[in-house]
Amino acid sequence: MIHSLFLINSSGDIFLEKHWKSVVSRSVCDYFFEAQERATEAENVPPVIPTPHHYLLSVYRHKIFFVAVIQTEVPPLFVIEFLHRVVDTFQDYFGVCSEPVIKDNVVVVYEVLEEMLDNGFPLATESNILKELIKPPTILRTVVNTITGSTNVGDQLPTGQLSVVPWRRTGVKYTNNEAYFDVIEEIDAIIDKSGSTITAEIQGVIDACVKLTGMPDLTLSFMNPRLLDDVSFHPCVRFKRWESERILSFIPPDGNFRLLSYHVSAQNLVAIPVYVKHNISFRDSSSLGRFEITVGPKQTMGKTIEGVIVTSQMPKGVLNMSLTPSQGTHTFDPVTKMLSWDIGKINPQKLPSLKGTMSLQAGASKPDENPTINLQFKIQQLAISGLKVNRLDMYGEKYKPFKGIKYMTKAGKFQVRT
Amino acid sequence: MSAAPAYSEDKGGSAGPGEPEYGHDPASGGIFSSDYKRHDDLKEMLDTNKDSLKLEAMKRIVAMIARGKNASDLFPAVVKNVACKNIEDPNQLIRASALRVLSSIRVPIIVPIMMLAIKEAASDMSPYVRKTAAHAIPKLYSLDSDQKDQLIEVIEKLLADKTTLVAGSVVMAFEEVCPERIDLIHKNYRKLCNLLIDVEEWGQVVIISMLTRYARTQFLSPTQNESLLEENPEKAFYGSEEDEAKGAGSEEAAATTLPARKPYVMDPDHRLLLRNTKPLLQSRSAAVVMAVAQLYFHLAPKAEVGVIAKALVRLLRSHSEVQYVVLQNVATMSIKRRGMFEPYLKSFYIRSTDPTQIKILKLEVLTNLANETNIPTVLREFQTYIRSMDKDFVAATIQAIGRCATNIGRVRDTCLNGLVQLLSNRDELVVAESVVVIKKLLQMQPAQHGEIIKHLAKLTDNIQVPMARASILWLIGEYCEHVPRIAPDVLRKMAKSFTAEEDIVKLQVINLAAKLYLTNSKQTKLLTQYVLSLAKYDQNYDIRDRARFTRQLIVPSEQGGALSRHAKKLFLAPKPAPVLESSFKDRDHFQLGSLSHLLNAKATGYQELPDWPEEAPDPSVRNVEVPEWTKCSNREKRKEKEKPFYSDSEGESGPTESADSDPETESESDSKSSSESGSGESSSESDNEDQDEDEEKGRGSESEQSEEEGEKRKMKKKKVPEGQGEGSSSDEGSDSSSSSSESEMTSESEEEQVEPASWRKKTPPSGKSASAAKEVSLLDLEDFTTPSVQPVSSPTVVSTSLAADLEGLTLTDASLVPSLLSPVSGVGRQELLHRVAGEGLAVDYAFSRQPFSGDPHMVSVHIYFSNSSDASIKGLHVGTPKLPAGISIQEFPEIESLAPGESATAVMGINFCDSTQAANFQLCTQTRQFYVSIQPPVGELMAPVFMSENEFKKEQGKLMGMNEITEKLTLPDTCRSDHIVVQKVTATANLGRVPCGTSDEYRFAGRTLTSGSLVLLTLDARPAGTAQLTVNSEKMVIGTMLVKDVIQALTQ
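Remember, predicted model here, so these are calculated numbers, not experimental data.

To continue, consider the overall build of chain B. A count of helices and strands for chain B gives 42 helices and 17 strands. By the burial criterion, 58% of the 1052 residues in chain B qualify as buried. If you sum the accessible surface of chain B, you get close to 43400 Å²; carbon and sulfur atoms cover 52% of it.

Here is the structure:
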């Protein structure tokens, strides 16, 4: 299936290659570079590029292109999903996935890639199994390896591969047994000029960090499970019990994982926690435009809105902006025409605003489009959909774990058209 | 030069001095040059006795080979250590690793050794080794394709494997080596369907896409009836279109509406596939979701395809590459099944931050989804897109508007006006694109749009984009009769600037000139000749050619007379309007989700998706035989119930044996020694520590099924006496019709549940024969006929003969009624008339919970008379009752005489009209009248219905909000066991138990007798004794009272 993998950085250098079948010359990447040139922007490179003898499937993450070479028909999502899994694994192993980090850990990278695919077909992709096979590098281990000359390859036989619970490694031991769950909801919304909502959806995930000894069997129940319109699970969740009782029952993987992602349908009214008042106008005659934005809280359920950042891509005709914020800091990059305003917390008594003028190219006619405003924010201790975890029970082990649940609401793709 | 220092430098000193060189990792090569001397250490490592060193050495060799490094000098060492020693290593991981190394050596010499090793590994005890064997098959095949036949044998063997670990890998091998051997799948089809949910994600994708092809060859098209109707509607005289549509969904309906034509009945295996893949739509892996989506798109009846839309829309939140692929597929689907995505229209709205390629795909989908009703919103949305900064996207939007305009006649003028407004846009690209689209639109109805053409003519002064100029010129030429004054002037201007124009514009100028010459030669003759002369000396030969050609055609000369007479026909022939259609049209002949579909071109190795067969191939090829004794042991084991782990069966999939569970349980029961007995690969995991989970899993899913199966078995039993009752009552003749309708009602409610059983009966013709009792098909329900698997505790069946009822015979012990539906009789006897008040006549009554024979809406009440006086009582009957509105009574036949000391029983029916109001009536003897009243407990106002868990949930979902009553309670210690809880609930209310996947939840269902509204009761018992009782019913009063009663019963 997957023949080879090339890692290409943003300047177009192939800095790592790995072949699972025969060696494919790296000249095959020329087709990719061609497409990259045509696309001008990295994110516009088509994920699938046909060449006379091969097909190049690529994903772009962390400013690196992961280009897989395949020769025969294969579902493209299969490859794309795998490539993303590779990136996730690197992130899991090294904390960040970047060119220098990959180069520093090239041995581990090769070992991991070797185990992930066998003859091009995925073999061990669960991070728990991989970590059993190949230990992630730590400073201590690097030092020890340097002295003793051993490698990261595990000494024990990787029995996890044989398990029916392949996502959990065996023999887990902790002194502090804890299970944390973060319910994070993101609001995707498009707000139109007049402030009315065109579309709004809530996408939520439950990320877990479970550090429990042995083989615990957890059940998580919700106060209002019927809110969840569409869900997708980590393979550990027993689908049957969700179907019948709306309870999440699972043997958790060890460490961090995404238990569940869900969708709260657009049919339900979504509370929009912020509003943006804007007045952006260009005049035909003068080379100055007016710019004014105010951000305020709307339906926040009494919680504070934090980490508010407003970004906007200004039209090409804008040369510079002279603005004064009532709060926070702002920057305008005259090259990319990107305006960014970091507000921080919103104080409902004193709404933050950004006012000033835009200087336009002299003589040029006024731009016919207004910029869209992208908003980021966070609200702690609130799941905007109203989802509430009822309880978490553990079976199968004797000890009493420490349990914690955190809620957070964030802006996803939150856009205000002006 | 010794290798060691060089390497330690390279690697930042991973190998300390004096250490053996294990530290060098050839896997990290590609950067480091390799040296053959280094292989010495690998040989050394292979020769050690330590497992870990061997394992590591082998891993490195694999790494080297994978990089295409020549590892052939390691060959003897590997073969010696691996092929001979390690392949028989007691540790399964080492065996697997050895095979992996061996199969990765791309040297043709070792093909025989490899073949041998694969064959051996394929029958290894460890599923992990067998998985590795499956992985090795494509490797060997690519090395030497002559081995195909032998490899197919191995594949066949591995396909029969019952573990989830192997399934994905072997199907992968099947796809690479022999995708055309569809016959190998038959026997394993059901097993694969059932294992699917437990296979790892990558395997799921491969299996699903293989099964899609398989299903296309083996089953009939679920939409064939519909398509037949579409083709020749005059044939549809059997029923209305709606009936037909229903027919696609439910086989029964189709069977009744189309008796003459062979009705479409979905093959149960087809249904099995659809049912077992559906939960995978919830997978976290986009590839799996897409695979299921394409399976549904290609295989499911129209009515069911809709379920995939939600999951696909969910994927749009994923990485942009995933979005790209998903949107391509959605675009194709949305052409065929527009309705499916319509509710999600807004999810395809475009954000300014989307990459351009995503924007354009979303636009495509939005355009496909646009229809009469949503077009205003879509157009409004498009309007905002036109002002975007991304010009490619704007151009695509204009195209999309054009397509909407052609597809939806109502908005054509609006769109056209909008596009004309865009002509004054400052951006040239926008204008140019608009012109091109307007041109196409005008071609559809040119007559009305003279104004627009004039407007366009004016634009020739400003627009510089060649394509747009060419379009305008063509339009003016084509419709010059609508703008007779302007057209010559445009030609004049163009003639002036002819030399400076682009080639396509020049061609159109010639074109325009020719057309004008033909229609208006007086004004334009000179101009045309001028243009043609200019063109004659053009640099471009196309233009010179065209000029020469045109001149010959239009200017009459001696030689070319014949042609020029027809010039007008040639140039001014009416031209069909262009059709603006999606580039995704007809892409669905490629299997969706495939690379070929994405590229719209056949990729190497693409397997065509076959068309549905005309006639279904024999379905019995998929029947599998299972040795009976295995099953018996399973049954015994099943009693040790564990929580279901990851069950693959939904509510109705009772008959499916989770295939992998058989050997495991067997191994458990046979104290892990009988690996050779029975099916060869069994008890494979006995040496591994994970067995416990494995068993738990196996047992979990199994026990659940056994529960369901048990229930079915009981149901079957229940049906038998009913049938008898019906038969005997029809002998009676009098009330037979109503009684049969009664039993029909119950059987109807069971129908869906029983359905798999009934089709099973049809499919394997051999299943009925006596000998077949031992060879039960894997999915066969018939096995309950074999005595060995009879459930032990089946209560004796007493015929609830209606005839007996009519004669007033007593069923003294109501608990003898064994039905599943009403396992317990209601509240015990209650006093109707005390001995003293009745002057020696004592009357008791009880709710028998049997359907009342005369009227299904009536509660049947048994009345027990006993005469304790010393005279006989004569002429016992019911006097004129005074009843509240709605309540009616079916009196019992008069009892002529009751001798002293004797007792008698009668049955009467009361329709309580779903209320707990008392029925007052008189009990008359010859001499006296007694006023009596019967007040029913709420629990008696209903009759149990049987439903599956899924149905239950579906119905419950419909009865939310006001119709749901929830109460918390604490169960006393005496009332914690399943048995007691069920008994108490059923004693309180006449409800039927609904199977439930979990141990601490109880579900009951019934219908009120008069109105037939559903009453659903759920009791969720938590371990601590707290419990939650939920009643869902349309009849809120009944619900509330029922909750009260049940709580009282439980907490007492």
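Further remarks concern helix H18 (residues 307-315) of chain B. Owing to its 3.6 residues per turn, the α-helix aligns residues three or four sequence positions apart on the same side. The element H18(B) is largely enclosed, with a buried count of 7 among its 9 residues. If you check which residues of H18(B) are buried, you get B:Ile308, B:Ala309, B:Ala311, B:Leu312, B:Val313, B:Arg314 and B:Leu315. The elements touched by buried residues of H18(B) are strand S11 (230-233) of chain A together with helix H16 (286-299), helix H17 (302-305), helix H19 (320-336) and helix H20 (338-341) of chain B.

What the rule picks out here adds up to 21 aromatic pairs over all chains. A centroid spacing of 6.0 Å and a plane angle of 40 degrees characterise the contact between A:Phe90 and A:Phe94, whose relative ring orientation is tilted. One end of the pair is A:Phe90 and the other is A:Phe94, both in helix H2 (residues 76-94) and 4 residues apart, which spans about a single turn. Per residue, the accessibility class of A:Phe90 equals that of A:Phe94, and both read buried. Here a set of aromatic residues connected by ring pairs shows up, and it is made of A:Phe32, A:Phe33, A:Tyr60 and A:Phe65. A cation over a ring is seen here: B:Arg337 above B:Phe297, with NZ or CZ 5.3 Å from the ring centre. Between the NZ or CZ atom of B:Lys439 and the centre of the ring of B:Trp474, over which it lies, the distance is 5.1 Å.

Time to look at the pattern of salt bridges. Per the counting criterion, the structure on display carries 41 salt bridges over all chains. One salt bridge connects B:Asp354 with B:Lys362, and the closest N-O pair in it is separated by 3.1 Å. With respect to class, B:Asp354 is no different from B:Lys362; both count as buried. A salt bridge links B:Arg1003 to B:Glu1001, with the shortest nitrogen-to-oxygen separation between them at 2.8 Å. Judged by relative accessible area, B:Glu1001 falls into the buried class, the value being 7%. Members of the salt-bridge network, linked through shared partners, are A:Lys18, A:Glu114, A:Glu115, A:Asp118, B:Arg100 and B:Lys139.

All names here are of chain B. Remark: helix H8 (residues 148-159) packs on helix H9 (residues 164-177), axes separated minimally by 10 Å, with the N-to-C direction vectors making an angle of 150 degrees. With respect to H9, the element H8 is oriented roughly antiparallel. Relative to H9, the crossing made by H8 is left-handed. Taking contact as the criterion, the partners of Lys-148, Ile-152, Ile-155, Leu-158 and Leu-159 in H8 are, on H9, Val-166, Val-170, Val-171, Ala-173, Phe-174 and Val-177. Its residues placed into classes, the contact of H8 with H9 shows 10 nonpolar, no polar and 1 charged.

Time to look at the side chain of B:Gln922. Residue and element names in this part refer to chain B. By the element assignment, Gln-922 lies in strand S10 (residues 919-924). Within the local environment of Gln-922, its side chain forms a polar contact with the side chain of Gln-929, the two groups lying 3.5 Å apart. Within the structure, Gln-922 has its side chain in polar contact with the side chain of Tyr-931 (distance 2.7 Å). Contact partners of Gln-922, with chain neighbours within four places excluded, come to His-877, Val-878, Gly-879, Thr-880, Gln-929, Phe-930 and Tyr-931.

Before going further, it helps to examine the environment of B:Glu902. All names here are of chain B. With respect to the element layout, Glu-902 can be found in the loop between strand S8 (895-898) and strand S9 (903-911). According to the relative accessible area criterion, Glu-902 is partly exposed, its value standing at 41%. Once the C-alpha coordinates of Glu-902 and Ser-872 are considered, the two residues, 30 residues apart in sequence, prove to be 8.8 Å apart. With residues up to four places along the chain from it excluded, the contact list for Glu-902 reads Phe-865, Ser-866 and Asn-867.

Our focus in this paragraph is the environment of B:Lys454. All names here are of chain B. Looking at where Lys-454 falls in the secondary structure, it is placed in helix H26 (residues 450-459). Sequence separation of Lys-454 and Ala-487 is 33 residues, and the distance between their C-alpha atoms is 9.0 Å. Lys-454 has contacts with Val-483 and Ile-486, leaving out every residue within four places of it along the chain.

This brings us to the sheet that holds strand S16 (residues 305-313) of chain A. Residue and element names in this part refer to chain A. Strand order across the open sheet formed by 9 strands is S11-S13-S9-S8-S23-S21-S16-S19-S18, with mixed pairing between neighbours. Unpaired on one side and paired on the other, S11 and strand S18 (329-333) mark the two borders of the sheet. With strand direction ignored, the average angle separating the axes of adjacent strands in the sheet is 15 degrees. As paired strands, S16 and strand S19 (residues 338-344) are joined by 6 bridges and run antiparallel to one another. Pairing of Thr-311 across the sheet is with Ser-340, part of S19.

This next bit is on the sheet that holds S9(B). Residues and elements named next belong to chain B. Ordered by their spatial adjacency, 5 strands build an open sheet running S3-S4-S5-S9-S7, and the pairing between neighbours is antiparallel. Strands with a single pairing partner mark the edges of an open sheet, and in this sheet they are strand S3 (830-833) and strand S7 (888-890). Sheet twist, expressed as the mean angle between neighbouring strand axes with direction ignored, is 35 degrees. With 3 bridges joining them, S7 and S9 adopt antiparallel strand pairing. Residue pairing across strands places Ile-889 opposite Ile-910, the latter belonging to S9.

A cluster of nonpolar side chains, contributed by A:Ile139, A:Val143 and A:Ile147, occupies part of the molecular surface with about 340 Å² of accessible area. Among the structural elements, A:Val143 can be located in helix H6 (residues 139-148).

Residues and elements named next belong to chain B. In terms of burial, strand S5 (residues 859-867) is a largely internal element, 8 of the 9 residues being buried. Bridge count between strand S4 (residues 841-851) and S5: 8 bridges; the pairing is antiparallel. Counterpart to Phe-847 in the pairing with S5 is Val-861. Across 8 bridges, S5 lies against S9 in antiparallel orientation.

All names here are of chain A. In this structure, Gln-361 sits in the loop between strand S20 (353-360) and strand S21 (373-380). Owing to a relative accessible area of 41%, Gln-361 belongs among the partly exposed residues under this scheme. In sequence terms Gln-361 and Lys-316 are 45 residues apart; their C-alpha atoms lie 9.0 Å from each other. Those residues in contact with Gln-361 that lie beyond four places of it in its chain are Gly-317 and Leu-319.

Our focus in this paragraph is the confidence of the model for chain B. A low pLDDT score tells you not to read the predicted coordinates there in detail. All names here are of chain B. Looking at chain B as a whole, the pLDDT averages 71, with 70% of positions reaching at least 70. The model gives residues 227-260 a pLDDT under 50, and that stretch makes 28 contacts with residues more than four places away or in other chains. Confidence over residues 627-826 falls short of pLDDT 50; this stretch has 309 contacts with residues more than four positions distant or in other chains. As a predicted assembly, this complex carries a pTM of 0.64 together with an ipTM value of 0.91.

So, on to helix H24 (residues 412-422) of chain B. All names here are of chain B. Among all positions of H24, only Arg-412, Cys-415, Leu-416, Leu-419, Val-420 and Leu-422 are buried. Angular distribution of buried residues about the axis of H24 spans 150 degrees; they occupy a single face of the element. Turned more than 90 degrees away from the buried face of H24 sit Thr-414 and Gln-421, all of them exposed. Check the buried side of H24 and you find it contacts helix H22 (375-386), helix H23 (391-407), helix H25 (428-442) and H26.

Even without a glycine there, the phi angle at A:Lys63 is positive, about 60 degrees. Among the secondary structure elements, A:Lys63 is positioned in the loop between strand S4 (55-61) and strand S5 (64-70). Residue class for A:Lys63 comes out exposed when judged on its relative accessible area of 59%. Phi is positive for B:Asn600, close to 55 degrees, though the residue is something other than glycine. Residue position: B:Asn600 is located in the loop between helix H34 (595-599) and strand S1 (625-626).

Residues and elements named next belong to chain A. Mapped onto the secondary structure, Lys-18 falls in strand S2 (residues 14-19). Residue Lys-18 is classed as buried on the basis of its relative accessible area of 1%. A polar atom in the side chain of Lys-18 sits 2.7 Å from the side chain of Glu-114.

This part takes up the confidence of the model for chain A. Per-residue confidence for chain A gives a mean pLDDT of 85; residues scoring 70 or more make up 92%. Predicted confidence in chain A is weakest over H6(A), with a mean pLDDT of 70, and strongest over S5(A), with 92.

Rules used throughout
- Residues numbered from 1 in each chain as written.
- Chains lettered and ligands numbered in written order.
- Predicted model: local features only at pLDDT ≥ 70, side-chain atom pairs only at ≥ 80, totals over all residues.
- Heavy atoms only, no water.
- Helix = DSSP H or I, 4+ residues; strand = E, 2+ residues; numbered from the N terminus.
- Buried < 20%, exposed > 50% of the residue type's maximum accessible area, 1.4 Å probe, protein only.
- Areas by Shrake-Rupley, 256 points an atom, 1.4 Å probe, with all protein chains shown as cover.
- Contact = heavy atoms within 4.5 Å.
- Phe/Tyr/Trp six-rings, centres within 6.5 Å; stacked < 30°, edge-to-face > 60°.
- Lys NZ or Arg CZ within 6 Å of the ring centre and 35° of its normal.
- Salt bridge = Lys/Arg side-chain N within 4 Å of Asp/Glu carboxyl O.
- Axes fitted to C-alpha atoms, helices over the stretch in contact; angles between N-to-C directions.
- Parallel < 35°, antiparallel > 145°, perpendicular 65-115°, else oblique.
- Left-handed = near helix turned anticlockwise from the far one by under 90°.
- Nonpolar A, V, L, I, M, F, W, Y, C, P; charged D, E, K, R; others polar.
- Polar contact = N/O pair within 3.5 Å; in protein donor to acceptor, adjacent residues only side chain to side chain.
- Pairing = 2+ DSSP bridges.
- Patch = residues over 30% accessible without salt bridge, like charges linked within 9 Å, V, L, I, M, F, W, Y side chains within 5 Å.
- pLDDT = per-residue confidence, 0-100.
- Arc of directions from axis to C-beta.

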